[in-house]
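Remarks on the overall topology
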Amino acid sequence: MTEAPNKKARVVVAMSGGVDSSVAAGILKEQGHEVIGISLQLHDFAQKTPATEPKSANSKFGTCCSLEDLNDARRVARKLDIPFYLSNMEAEFRKGVIENFVEEYAKGRTPNPCVRCNETVKFHTLMDWALDLGADFLATGHYAQVVNRADGPALITGADPEKDQSYFLFTLKQKDLARTLFPVGSMRKPEVRAMAEKLGLATAMKPDSQDVCFVQSKSYTEFVEQEAPKTWLKGGPVVDVTGKYLGQHTGLHRYTVGQRKGLGIQSLEAQFVVRLDAESNSVIVGPESALFRNDCLAKEFNWLIDPTTVSGRPLQGKIRYRAQATPVTVEPREDGLWNVKFEVPQRAITPGQALVLYDGNRVLGGGWIETAETAHQPVTLPGRPSLSSEAHA
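Source: prediction; values computed, not measured. All residue numbers refer to positions counted from 1 along the written sequence of the respective chain. Reporting in this predicted model follows two pLDDT cut-offs: at least 70 for local features of residues, and 80 or more for side-chain atom pairs to be given and counted; totals over whole chains, interfaces and linings ignore these cut-offs and use all residues. Computation of side-chain values covers all heavy atoms of the structure but excludes hydrogens and water.

**With respect to the sheet that holds strand β11 (residues 282–286)**
Quick reminder of the rule: When DSSP locates at least two bridges between a pair of strands, those strands are taken to pair. For the purposes of this entry, the term helix denotes a DSSP run of H or I that reaches at least four residues, the term strand denotes a run of E that reaches at least two, and both are numbered from the N terminus. Note on geometry: axes are lines fitted to C-alpha atoms, helical ones only across the stretch in contact, with angles between N-to-C directions running from 0 to 180 degrees.
If you walk across this open sheet you meet the 4 strands as β9-β8-β11-β10, and the pairing is mixed. Since the sheet does not close on itself, it has two edges, and those belong to β9 (245–249) and β10 (272–277), each with one partner. Ignoring strand direction, the axes of neighbouring strands in this sheet form an average angle of 30 degrees. Direction of pairing for β10 relative to β11: antiparallel, over a ladder of 5 bridges.

Here it is as C-alpha cells:
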C-alpha cells in the first residue's frame, strides 16, 4: 500500500460509499490507527433515498456520491465501529463543478468534472476538515500511491493499471502529499473486493460508478440544455477545414472533437468534428486525418515538482484518462500558457480535457488543454457574416 505511518495515527478517511474507500478505512482500522469516516453530500437527487437503508450494494448500476452511497458509507462506518460525519457541500459543488461543466459544453469544450471536483471541492474541503479534527493524515480510496523521494513526497500511479486514478489527482497540492494516504493504491481490484468480503463490508460486490454523478439518467446534452441559459445554445454553421459551408448545427454543446455521427450534413466522404470554434459559433469538420496533431496549448498548470526543471525535458503525457502516455515536451510561454509537443501525433486533442504529465510512473503535474494547436487561427466563413461570441459571454 501507499507508505503508511509506522505508528498509531489519527486518519480521516473520505468515504464515498464505494468498495475502495470502504476497504481503505478497513485497512487503516486493522493497522490500529484511529480512523474517522467523513462524507460529502454533493448534490440532491430527484429520487430520494428511502428511510430504510437501500440495497445499493447489489444494484445493477454503480453511482457516485448519491444519497444511497452516503447510506452505504454510514453502514460501513458502523460495521468498522468508527465515527462518521457528513457535510452538505451542494452549493460548493454546484458552483465549482456543475456550473463549470455546463459553461464548458456551451463554449464547445469537453470538460472533466471528476478532476474539477477533486480540485475545487473534495480535496480542499476534506484536508481542511481533517486538520480541524486534529488528524495526521487524510486517506481516500483512489488507486494511486504516495512515496517519499529525495525531493519530497511523490504522487505515483496505482499498481493496478486498469484502475490507476493518478490522472484525476494532478491538481493536488505538493504540500498536501505528505499528509495523504491511498491505502488501496498498491492493490488490484480483485484484492480490494476480497478484503471487503473478509471485513464483512456490505459494499464488497458494489459496482464501480460508471458515469458523471450529477447527470444520472440524462444525456450530457439534455443536462446542459436543462441547466444553461437558452442564449448560450444557439445554432450556427458547419464548415469543412477549407471554410466551405456544409450546413447548420444545433448548438456547440451537442458536438465534441472526434465525433462522426449526428452531424446533420451531406458529404461523399466521412467527416469528423475537427474543432469547435466558439468565437464564430461554428463546427469545423474534416477527414479523420485532420484529427491528428503533434502539439497543443495548455493552461493553468499545477506542478508537483519544481516547474523550472521540466522545460524541454523528455516526459510522457496523457490527453485523456484512458489514453496511453506518450513522449512529450513542454515549454512555458510569456502569456502563462504552455506549448506542448508530442513525439507521436495524437488523435482528437480536445480543449477542456486535462493534460497530465508523467516521468515514468510519477505524476509531475498537469493543466487544461486550451487549443489543439499552438498556432490556432480563427475560422473564416467565406461570403457569410461573422458570428459573435456574445451567446457564450
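There is more to say after this.
**Overview of the packing of helix α3 (residues 90–106) against helix α7 (residues 220–227)**
Note the cut-off: These descriptions rest on fixed angle ranges, namely under 35 degrees for roughly parallel, over 145 for roughly antiparallel, 65 to 115 for roughly perpendicular, and the rest for oblique. Between two residues, a contact is recorded if the distance between any of their heavy atoms is within 4.5 Å. Charged residues are taken to be Asp, Glu, Lys and Arg, nonpolar residues to be Ala, Val, Leu, Ile, Met, Phe, Trp, Tyr, Cys and Pro, and polar residues to be all remaining types, Gly included.
Two numbers describe how α3 lies on α7: the axes approach to 9 Å, and their chain directions differ by 105 degrees. Between α3 and α7, the crossing angle belongs to the class labelled roughly perpendicular. For the pair formed by α3 and α7, the contact residues are Arg 94, Ile 98, Phe 101, Val 102 and Tyr 105 on the first element and Tyr 220, Phe 223, Val 224 and Glu 227 on the second. For the contact of α3 with α7, a count of residues per class yields 7 nonpolar, no polar and 2 charged.

**Some words on the pairing of strand β13 (residues 315–318)**
Here β13 runs beside strand β14 (residues 326–332); their pairing, made up of 3 bridges, is antiparallel. For Leu 315, the partnering residue across the bridge sits in β14 and is Val 328. Strand direction decides the pairing type here: β13 and strand β16 (residues 354–359), joined by 3 bridges, are antiparallel. The partner of Gly 317 across the bridge, within β16, is Leu 357.

**Quick word on the pairing of β11**
The test is simple: Each residue is placed in one exposure class: buried if its accessible area under a 1.4 Å probe, protein chains only, is under 20% of its type's maximum, exposed if it is over 50%, and partly exposed if it falls in between.
Taking burial as the measure, the 5 residues of β11 include 5 buried ones, the bulk of the element. What you see with β11 is no split at all: Ser 282, Ile 284 and Gly 286 on one side and Val 283 and Val 285 on the other are buried throughout. In this sheet, β11 lies alongside strand β8 (residues 236–240) in parallel orientation, the contact comprising 3 bridges. Residue pairing for β11: Val 239 is matched across the bridge by Ile 284. Once β10 ends, the chain turns through 4 residues before running back antiparallel as β11, passing Asn 281 with a positive phi of about 55 degrees.

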